[in-house]
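One letter stands for each residue in the lines below.
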Amino acid sequence: MADTLFQLAFLVVAPFWVLMIFAPGWRWSERIAGSVFIALPALVVWAFAIGPVLPEFAAEMLNPDLAGVRSLFADDDVVAAVWAQVLAWDLLVGRWIYLDSRERRVHPLIMAPLLVLTILLSPIGLPLYLALRIPLTRRPVTPDAGPARRDEDVLPQGA
């Protein structure tokens, strides 16, 4: 069962990635990615995978140590659950990158490989996007926009 859930975790997130990478300008892509609920299918898989080992998992997470977590990872159900959790998190990170890049009008040909990198290695994809997003931003021309670009024009509030 754990092997099936492990495989299913990827299958339930893949369609969202396909939309963001291969159909970024399609209005349904933005509508679907605009919902935080896109992570729910992977979290349902997580719930089914973690169910059989929830007491042991919860006990270890309340007081984690390396040896205990290592022993948990010997269980295929835990591995499948953590895989589903990682995929859900990566999808939320990718969703934010996608939506932010659309708002900033970053070209999809730049974003596609970056989103693929985020699927594969989100700890590299996110900081790379953060480093690239300001120079890649194309601001729309508006009549009231002055010639100078201010930091508050390209950075989110509080950044």
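One can find the structure itself at the top, above this paragraph.
Scoring rules and cut-offs
Residues numbered from 1 in each chain as written. Predicted model: local features only at pLDDT ≥ 70, side-chain atom pairs only at ≥ 80, totals over all residues. Heavy atoms only, no water. Salt bridge = Lys/Arg side-chain N within 4 Å of Asp/Glu carboxyl O. Helix = DSSP H or I, 4+ residues; strand = E, 2+ residues; numbered from the N terminus. Buried < 20%, exposed > 50% of the residue type's maximum accessible area, 1.4 Å probe, protein only. Patch = residues over 30% accessible without salt bridge, like charges linked within 9 Å, V, L, I, M, F, W, Y side chains within 5 Å. Areas by Shrake-Rupley, 256 points an atom, 1.4 Å probe, with all protein chains shown as cover. Lys, Arg positive; Asp, Glu negative; His and termini not counted. Polar contact = N/O pair within 3.5 Å; in protein donor to acceptor, adjacent residues only side chain to side chain. Contact = heavy atoms within 4.5 Å. Expected span 1.5 Å × (residues − 1). Bend = angle between axes of the 7 residues up to and from the residue.

**Examining the pattern of salt bridges**
In this structure the tally under the stated criterion is three salt bridges. Of the charged contacts, one joins E30 and R102 as a salt bridge, the two residues approaching to 3.3 Å between their closest N and O atoms. Taken together, the positions of E30 in helix α2 (residues 27–33) and R102 in helix α6 (residues 76–103) put the pair 72 residues apart, joining distant regions of the chain. The partly exposed category is assigned to E30, whose relative accessible area is 34%. For R133, the salt bridge identified is with D100, shortest N-O distance 3.0 Å. One end of the pair, R133, is in helix α8 (residues 122–136); the other, D100, is in helix α6, with 33 residues separating them in the sequence. Per residue, the accessibility class of R133 equals that of D100, and both read buried. Salt bridges sharing partners connect three or more residues here, namely D100, R104 and R133.

**Topic: a nonpolar patch on the surface**
On the surface, V116, L120, L121, I124, L128 and L132 cluster together to form a nonpolar patch covering roughly 490 Å² of accessible area. Of all the elements in the fold, those that place two or more residues in the nonpolar patch are α7 (108–120) and α8. Here the nonpolar patch gets three residues from one element, more than from any other, and that element is α8. Looking at the element boundaries, L132 is found in helix α8.

**Details of the side chain of R95**
Residue placement: R95 occurs in helix α6. As a buried residue without a salt bridge, R95 has its nearest oppositely charged side chain in E103, at a separation of 10 Å. At 3.4 Å, the side chain of R95 forms a polar contact with the backbone oxygen of S35. Once residues within four sequence positions are removed from consideration, R95 is found in contact with M20, A33, G34, S35, V36 and I38.

**Looking at helix α1 (residues 2–22)**
When the terminal C-alpha atoms of α1 are compared, their 30 Å separation across 21 residues agrees well with the 30 Å that a helix rising 1.5 Å per residue should span. Helix geometry: α1 is bent most strongly at A14, by close to 35°, with proline P15 lying one to four residues after it. For α1, the set of buried residues is A2, L5, A9, V13, A14, F16, W17, L19, M20 and I21. For α1, the elements touching its buried residues are α2, α3 (40–50), α6 and α7.

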